[in-house]
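Residue-level structure breakdown
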Amino acid sequence: MPQDPPPLAVVRQGASLGAAGDLDFALAMLAAARAGGLGPTLRLYRPLPTVALGQRDARLPGFDAAAEACRAQGFEPLVRKAGGRAAAYHRGCLVLDHVEPDNEGVAGSRPRFAVFGELYASALRAAGVDAAVGEIPGEYCPGEFTVHGTTAAGRKIKLVGTAQRVVSGAWLFSSVLVIRDAAPLRRVLTDAYAALGLDWDPGTAGAAEDAAGASALDLDTVEAALIQAYAGYAPLAYGSFEALADAVHRPVA
């Protein structure tokens, strides 16, 4: 008989560990899952102003200028291990880091983008946002499974960016949902992409509150809709961030 999936531990992180600390903690979760010290876990938190640049961005001649442009606008520039081009986020966003032990993680890489893209789009629709999955022309950090919305004027805007890192024995799927206050993100990405010499359309950077049907949207509403959507993916359990931190930093025999 097929086995029921193991529960997914849902953990809300109340306070940021710092922009770099939050990114590093996701990698520590991945390492713990790989070593057998952590089961399927979903961490949710509200980040500090950050521009997460890709490995390819770091090799461009304009990288230092881009990093300085980010700092000038109050965003900390960091180079992430997973993902493509630069993406920006702040306290008006939700970050989800989902890790699972998996000995066949590479085989599921592309299907995960499709599954979680639709999961996030369905959660946003449940919260009243006109959301769908698919790359939109000119978007920042482009991807086939971008979750986008449509404004009342008919313009498509990016709402969710996803990235993943797969290692032997585990995978990490990281997502940023932009819920409120997209203007600072457009400004910092405009300056960063200009310094990097990359073309994009600033009009594609938006927030869920800008999409049709999203009146009076807040982060709590979206977070609740996300957790409800995840309940259709796996049985859920709930844990504390303190317990998660202990598991992540505990040596595995």
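The shown structure was predicted, so the numbers you read here are calculated from the model rather than taken from an experiment. (Residues numbered from 1 in each chain as written. Predicted model: local features only at pLDDT ≥ 70, side-chain atom pairs only at ≥ 80, totals over all residues. Heavy atoms only, no water.)

1. Considerations on the sheet that holds strand β11 (residues 236–239)
Strand order in the open sheet made by the eight strands is β7-β8-β9-β10-β6-β2-β1-β11, with mixed pairing throughout. Whereas interior strands pair on both sides, the edge strands pair on one side only; in this sheet they are β7 (131–133) and β11. Strand-to-strand twist in this sheet, taken as the mean axis angle between neighbours without regard to direction, amounts to 20°. Taken together, the three bridges between β7 and strand β8 (residues 147–150) define a ladder with antiparallel strand orientation. The residue bridging A131 from the neighbouring strand is G149, located in β8. Packed onto the sheet, helix α4 (residues 109–126) meets β6 (93–102), β7, β8, β9 (156–167) and β10 (169–178) and runs at close to 145° relative to β9. (Pairing = 2+ DSSP bridges. Helix = DSSP H or I, 4+ residues; strand = E, 2+ residues; numbered from the N terminus. Axes fitted to C-alpha atoms, helices over the stretch in contact; angles between N-to-C directions. Contact = heavy atoms within 4.5 Å.)

2. Remarks on the nonpolar core
Among the nonpolar cores identified, the biggest contains 34 residues, and L96, Y120 and L124 are the most heavily contacted of them. Among the secondary structure elements, those contributing two or more residues to this core are β1 (8–12), β2 (41–45), β6, α4, β9, β10 and α6 (219–230). Tallying contributions element by element places α6 first for this core, with seven residues. Not counting the four nearest positions on each side in its chain, L96 is found in contact with L42, R43, L44, Y120, F173, S174, S175, L177, L226 and Y230. Counting 29 residues, the second largest nonpolar core, distinct from the first, contains F75, Y89, V95 and Y140. (Core = buried A, V, L, I, M, F, W, Y, C linked by side-chain atoms within 4.5 Å. Buried < 20%, exposed > 50% of the residue type's maximum accessible area, 1.4 Å probe, protein only.)

3. Focus on the sheet that holds strand β4 (residues 76–79)
Across the sheet, which stays open at both edges, the three strands sit in the order β4-β3-β5 with mixed pairing between neighbours. Looking at the sheet topology across the chains shown, the edges are occupied by β4 and β5 (87–89). The mean inter-strand angle of the sheet, taken between neighbouring strand axes irrespective of direction, is 25°. Where strand β3 (residues 50–53) and β4 come together, four bridges link them in parallel fashion. Its bridge partner lying in β4, T50 is registered against E76. Across the sheet, helix α1 (residues 19–35) touches β3, β4 and β5, and the angle it forms with β4 is around 25°. Strands in contact with helix α3 (residues 63–72) are β3 and β4; relative to β4, the strand with the most contacts, it is inclined by about 140°.

4. Concerning the side chain of T150
On the secondary structure map, T150 appears in strand β8. When its relative accessible area of 17% is taken as the criterion, T150 is described as buried.

5. Brief notes about the packing of α4 against α6
The axes of two packed helices give the description: the angle between them and the distance between them. One way to put it is that α4 packs onto α6 with a least axis distance of 8 Å and a crossing angle of 130°. One way to sum up the angle between α4 and α6 is to call them oblique. Regarding α4 and α6, the two cross each other, and that crossing is right-handed. On α6, the residues touching F116, L119, Y120, S122, A123 and L124 of α4 are V222, A225, L226, A229 and Y230. (Parallel < 35°, antiparallel > 145°, perpendicular 65-115°, else oblique. Left-handed = near helix turned anticlockwise from the far one by under 90°.)

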